[in-house]
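A look at the structure
Here's the letter readout for the chains.
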Amino acid sequence: LGAFSGVNIEEVRIEHGSACAGRRMSSIPWPQDCLIATLRRGRVVLIPHGNTVLQVGDVLVAVAEGPARDAIRSLCSGEIAKNELPSK
């Protein structure tokens, strides 16, 4: 998919200290060119909604284009602290 369109499917783990951990999906400023398709929590696969609260260790499956891939990784890795997020 990515070879032709620049759109890739990414798996990203929510790390300890990340801006996403403990927050509702709807409160996170996701990049425009991405879609969070599923969330894996242990052996359970969920379809996330706005009220889904992300937990450390969750694995997101995201469809993302261009710079959105790096932005998602930053949000989930702890590179961006919760207090650095803009309000949505």
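Calculation criteria
- Residues numbered from 1 in each chain as written.
- Predicted model: local features only at pLDDT ≥ 70, side-chain atom pairs only at ≥ 80, totals over all residues.
- Heavy atoms only, no water.
- Helix = DSSP H or I, 4+ residues; strand = E, 2+ residues; numbered from the N terminus.
- Areas by Shrake-Rupley, 256 points an atom, 1.4 Å probe, with all protein chains shown as cover.
- pLDDT = per-residue confidence, 0-100.
- Core = buried A, V, L, I, M, F, W, Y, C linked by side-chain atoms within 4.5 Å.
- Buried < 20%, exposed > 50% of the residue type's maximum accessible area, 1.4 Å probe, protein only.
- Contact = heavy atoms within 4.5 Å.
- Disulfide = S-S within 2.5 Å.

**Let's talk about the overall build of the chain**
For the chain, the count of helices and strands is 2 helices and 4 strands. Listed by position from the N terminus, the elements making up the chain come as α-β-β-β-β-α. With an accessible surface of roughly 5,300 Å², the chain has 53% of that area assigned to carbon and sulfur atoms.

**A word on the confidence of the model for the chain**
Overall, the predicted model of the chain reaches an average pLDDT of 86, with 82% of residues at or above 70. Mean pLDDT across the elements of the chain ranges from a minimum in helix H1 (residues 2-5), with 51, to a maximum in strand E3 (residues 44-46), with 96.

**Re the nonpolar core**
Among the nonpolar cores identified, the biggest contains 19 residues, and Ile14, Cys20, Trp30, Leu54, Leu60, Ile72 and Cys76 are the most heavily contacted of them. Elements with a contribution of two residues or more to this core: strand E2 (34-41), strand E4 (59-65) and helix H2 (68-77). For this core, the element with the highest residue contribution is H2, accounting for 4 residues. Other than its neighbours up to four places away in sequence, cysteine 76 contacts Val12, Arg13, Ile14, Glu15, Ser18, Cys20, Trp30 and Leu60.

**Notes on the state of the cysteines**
A full pass over the atoms with the stated rule returns 0 disulfides. Free cysteine cysteine 20: the closest other cysteine sulfur is in cysteine 76, separated by 3.9 Å. The exposure class assigned to cysteine 20 is buried, which follows from its relative accessible area of 0%.

**Some thoughts on the environment of alanine 19**
Structurally, the position occupied by alanine 19 is in the loop between strand E1 (7-13) and E2. Judged by its relative accessible area of 0%, alanine 19 is buried. Once the C-alpha coordinates of alanine 19 and leucine 75 are considered, the two residues, 56 residues apart in sequence, prove to be 5.6 Å apart.

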